[in-house]
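What follows is each chain in one-letter form.
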Amino acid sequence: MAKLDSQLRMMLEKGGSDLHLAVGLPPRARVHGRLENLDGPELTIDSITRLLREICPDNRWQQFMTNRDLDFAYEIEGLARFRCNYLDNHYGIGAVFRQIPSTILTMEQLNLPPVLRRICDLRSGLVFVTGPTGSGKSTTLAAMIDHINRSRVKHIVTIEDPVEFVHQNNKSIIVHREVGEHSKSFGQALRGAMRADPDIILVGEMRELETIKLALNCAAMGMLVFGTLHTNNAPKTIDRVIDVFPADQQPQIRTMLAECLSAVVSQLLCRKADGKGRLAVHEVLLRSESLPNIIREGQISSLRSLIQGSAGEGMMLMDATLKKALENEEITPMEAYMKASDKTLFMEYLPVDAILD
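Residues numbered from 1 in each chain as written. Predicted model: local features only at pLDDT ≥ 70, side-chain atom pairs only at ≥ 80, totals over all residues. Heavy atoms only, no water.

Draft legend 1. Layout of the overall build of the protein chain. Assigned secondary structure in the protein chain consists of 14 helices and 13 strands. Taking 2.2 N^0.38 as the reference for a compact globule, 357 residues should give roughly 21 Å; the C-alpha atoms of the protein chain span a radius of gyration of 21 Å, in line with that estimate. With the C-alpha coordinates of the protein chain rotated into their principal frame, the extents come out at 60 × 60 × 40 Å. Taken across its 357 residues, the protein chain has 48% of its residues classed as buried. For the protein chain, long-range pairs separated by at least 24 residues make up 57% of all intrachain contacts whose partners lie at least 6 apart in sequence. Accessible surface for the protein chain amounts to roughly 17,000 Å². Of this, 48% is attributable to carbon and sulfur atoms. Charge-centre separation for the protein chain: the mean point of 41 positive side chains lies 2 Å from the mean point of 45 negative side chains. (Helix = DSSP H or I, 4+ residues; strand = E, 2+ residues; numbered from the N terminus. Rg over C-alpha atoms; globule rule 2.2 N^0.38 Å. Buried < 20%, exposed > 50% of the residue type's maximum accessible area, 1.4 Å probe, protein only. Contact = heavy atoms within 4.5 Å. Areas by Shrake-Rupley, 256 points an atom, 1.4 Å probe, with all protein chains shown as cover. Lys, Arg positive; Asp, Glu negative; His and termini not counted. Charge placed at Lys NZ, Arg CZ, Asp CG, Glu CD.)

Draft legend 2. Inspection of the environment of isoleucine 300 at higher detail. Its location among the elements puts isoleucine 300 in the loop between α10 (291-297) and α11 (303-309). Between the C-alpha atom of isoleucine 300 and that of proline 235, which follows or precedes it by 65 residues, the distance is 5.9 Å. Not counting the four nearest positions on each side in its chain, isoleucine 300 is found in contact with Pro235, Ile238, Asp239 and Ile294.

Draft legend 3. How the structure looks around helix α8 (residues 234-243). Within α8 the residues assigned to the buried category are Ala234, Pro235, Thr237, Ile238, Val241 and Ile242. In an axial view of α8, the angular spread of the buried residues amounts to 165°, which keeps them on one side of the axis. Residue asparagine 233 occupies the N-cap position of α8, its side-chain oxygen lying 3.0 Å from the main-chain nitrogen of lysine 236. (Arc of directions from axis to C-beta. Polar contact = N/O pair within 3.5 Å; in protein donor to acceptor, adjacent residues only side chain to side chain.)

Draft legend 4. Focus on the packing of aromatic side chains. For the coordinates displayed, the defined rule picks out six aromatic pairs. Here phenylalanine 64 and tyrosine 86 contribute two aromatic rings whose centre-to-centre distance is 5.7 Å and whose plane-to-plane angle is 80°, an arrangement assigned as edge-to-face. Taken as a pair, phenylalanine 64 in helix α3 (residues 58-67) and tyrosine 86 in strand β5 (residues 80-89) lie far apart in primary sequence, 22 residues in all. With respect to burial, phenylalanine 64 and tyrosine 86 carry one shared label: buried. Aromatic side chains phenylalanine 346 and tyrosine 349 sit 6.4 Å apart centroid to centroid with 45° between the ring planes, which places their arrangement in the tilted category. Judged by its relative accessible area of 30%, tyrosine 349 falls in the partly exposed class. The rings of Trp61, Phe64, Phe72, Tyr86 and Phe97 are connected pair by pair, giving a single aromatic cluster. (Phe/Tyr/Trp six-rings, centres within 6.5 Å; stacked < 30°, edge-to-face > 60°.)

Next up, the structure:
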């Protein structure tokens, strides 16, 4: 057994989601959103190097030595899989290990909004699932792909770095491709996927111009494309996609996005009021008659009004979802205030001393 396994097991026993290793600190676990020290001595450059080298395949270690950054998956058989991120920093080598649940939870188990099932039934278009790092985007996407896999006969290609949730073929055929192992880049993997007769493509990261443009092309060709972005709401998501491109290309990209954007699902995790676990809250933008014109004309400020006025169709604003969770006493007023876009909506719920601070 690798020496690191004991730290990963300890993290899981505490109910943690991430293990952090850094020079000069003991191992730390993120438990319900907060970092806690684990039993163990402060780590040195030598001790971290030994821990990380032991579980890393030779070819991936060479990549890390060259690039000073590395992502790959590691599994403790019978326990869990982990997404591993190795990095170099001022103090030396560091790493973060995020647990990938061995069981893919269903949309019902995750209590996801029912409207997400309608999104899964789309035949084409571009769907973004967004949120900050650690907000559960991958878990939500895995549940959506699982729903499709159990209910529809489709050819699904996932492109990730690394592959996180591994789906078993059910009604659908699912092909997992890992950047770095099965392809050199997201762009190259997307080009290959376009030639593989897919119905659905999942792109784990859509940060680069090439990846976003290829995803837009795939959606325009009639495929259903799921992708992730590190944005907190629908307006910021649309702005981020357009701003990736040079100014002279942005009018064309606005037109392409207007034609193929089908939905934006933004997700945040809030600490529960009882301190036991976290609650997912959502903002959902769906395609409507007015959405294409809003995108083409750059009237992104109108999106909030569109979402607010279309609640009956399944759309929802993040602040409205936060307010509902607060009224249900699932989260605290301070948690709602900190996560809200319009913080004035939650001022009245805060204690007087919190407002003065």
